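Next come the chains, spelled out residue by residue.
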Amino acid sequence: MPIEVYEPELSELIDLSAEPELLADGFIFTEGPVWLPSRRALLFSDIPADTKYRWSQEGGVVVHRTPSHFSNGHTIDADERIIACEHQSRHVTREGTDGAVEIIAEFYRGKRLNSPNDVIVAPDGSIIFTDPTYGLKKSEEGGPHDAELDFRGVYRIPPGGGALELLVDDFTQPNGLALSRDGRRLYVGDSGVVHIRAFDVTEDWRLTGGELLLDMQRGEPGATDGFKVDERGNIWSTGQGGIWVIAPSGAVLGRILFPEVTANCNWGEDRRTLYVTASHGLYRLTPHVAGV
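The structure contained in this document is the topic of the report that follows. Please read all numbers here as calculations on a predicted model, not as lab measurements.

Cut-offs and rules
- Within any chain, residue numbers begin from 1 and follow the written order of that chain's sequence.
- Owing to the predicted nature of the model, reporting of local features is limited to residues with pLDDT of at least 70; listing and counting of side-chain atom pairs is limited to 80 or more, with chain, interface and lining totals taken over all residues.
- Excluding hydrogens and water, the side-chain figures rest on all heavy atoms present in the structure.
- What counts as a helix is a DSSP run of H or I of at least four residues, what counts as a strand is a run of E of at least two, and both are numbered from the N terminus.
- Here a residue-residue contact requires only that any non-hydrogen atoms of the pair lie within 4.5 Å.
- Only when DSSP finds a minimum of two bridges between them are two strands counted as paired.
- Note on geometry: axes are lines fitted to C-alpha atoms, helical ones only across the stretch in contact, with angles between N-to-C directions running from 0 to 180 degrees.
- Salt bridges are identified by distance alone: a Lys or Arg side-chain nitrogen within 4 Å of an Asp or Glu carboxyl oxygen.
- Note on exposure labels: buried denotes an accessible area under 20% of the residue type's maximum, exposed denotes more than 50%, and partly exposed covers the range between, all computed with a 1.4 Å probe on protein chains only.

**Structural notes on the side chain of Ser56**
Stage number 1. The topology assignment puts Ser56 in strand 5 (residues 51–56).
Stage number 2. Residue contacts for Ser56: discarding those within four places in its chain leaves Arg40 and Ala41.

**A look at the sheet that holds strand 15 (residues 153–157)**
Stage number 1. With antiparallel pairing, four strands are arranged side by side in an open sheet as 13-14-15-16. Two strands bound the open sheet, and with one partner strand each, they are strand 13 (119–121) and strand 16 (165–168). On average, adjacent strands in this sheet sit at an angle of 25 degrees to one another, irrespective of strand direction.

**Side note on the sheet that holds strand 2 (residues 21–24)**
Stage number 1. Across the sheet, which stays open at both edges, the four strands sit in the order 2-27-26-25 with antiparallel pairing between neighbours. Since the sheet does not close on itself, it has two edges, and those belong to strand 2 and strand 25 (262–267), each with one partner. With strand direction ignored, the average angle separating the axes of adjacent strands in the sheet is 30 degrees.
Stage number 2. Judged from the three bridges that link them, strand 2 and strand 27 (residues 282–285) form a sheet pairing that is antiparallel.

**What about the pattern of salt bridges?**
Stage number 1. A complete count under the given rule lists 14 salt bridges for this structure.
Stage number 2. Connected through salt bridges with shared partners, the residues Glu4, Glu220 and Arg255 form a single ionic network.

**Points about the pairing of strand 26 (residues 274–278)**
Stage number 1. Counting buried positions over the five residues of strand 26 gives five, a clear majority of the element.
Stage number 2. With burial as the criterion, each face of strand 26 is covered, one bearing Leu274, Val276 and Ala278 and the other bearing Tyr275 and Thr277.
Stage number 3. Pairing between strand 25 and strand 26: five bridges, direction antiparallel. Bridging across to strand 26, Trp267 finds its partner in Leu274.
Stage number 4. Strand direction decides the pairing type here: strand 26 and strand 27, joined by four bridges, are antiparallel.

**Some remarks on the environment of Asp50**
Stage number 1. Mapped onto the secondary structure, Asp50 falls in the loop between strand 4 (41–46) and strand 5.
Stage number 2. We classify Asp50 as buried; its relative accessible area is 13%.
Stage number 3. Between the C-alpha atom of Asp50 and that of Arg65, which follows or precedes it by 15 residues, the distance is 8.8 Å.
Stage number 4. In this structure Asp50 touches Arg65, Thr66, Pro67, Ser68, His69 and Phe70, once residues within four positions along its chain are discounted.

Honestly, it's all geometry; don't read function into it.
As structure tokens, this is what we get:
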């Protein structure tokens, strides 16, 4: 059975007989999916291949950009500019609709970032990203490089740009992140210890709390990686076994099992389609609920 049900309300969120639909495969390790509305296409990265791809129902998979500086996570802003976390360059960049790329984050207090990993845009236009050390370590992830910072942080780029603001620095390896529907809670995954923490967000972007929401360690392949939130506040997270569906309380409602390690996910064109990047394949699910 591809779905493990832990709580009955899971049936309100997805058809319990559903199976992940494989859209494309043959990749090395896919990451960073984001839907591009004007192109009706999904952008995603293959980190070890140093390439970004686009997939569409009509055209299948085409190369978007190569080399990609071993890009990992992506999002878009209100103008559909693509914001990317680049391992090799250790930059956060923004690609305009004309294809021009600009650096929007590179240093924190004069020291180079580790390897930006995943990124979101908040309702006020703030750009929030995580900065673990994965891209410093291996050539297939854009390294090796020497770390200049002695911590792994979560940062904010203010709307309109400006100096980086360090929001929190007590992570082992900060990875996926998402905001609650009302923008008042920030969820951050720590793939180094396989859990998700929850922070309260003030109007001036001070974070409080940071308590453990869920320990996701099951002793299986995979780790806490990318995740997104649905309209009811549930978290759809990649993790050991596939996609975990997690209530705002931290209760696990169930798991959607995948045949390979999942890395990230994002809502698609109608926000009722969930695209999932995994080790070698790109998949699609169709929940009953819409994404935030």
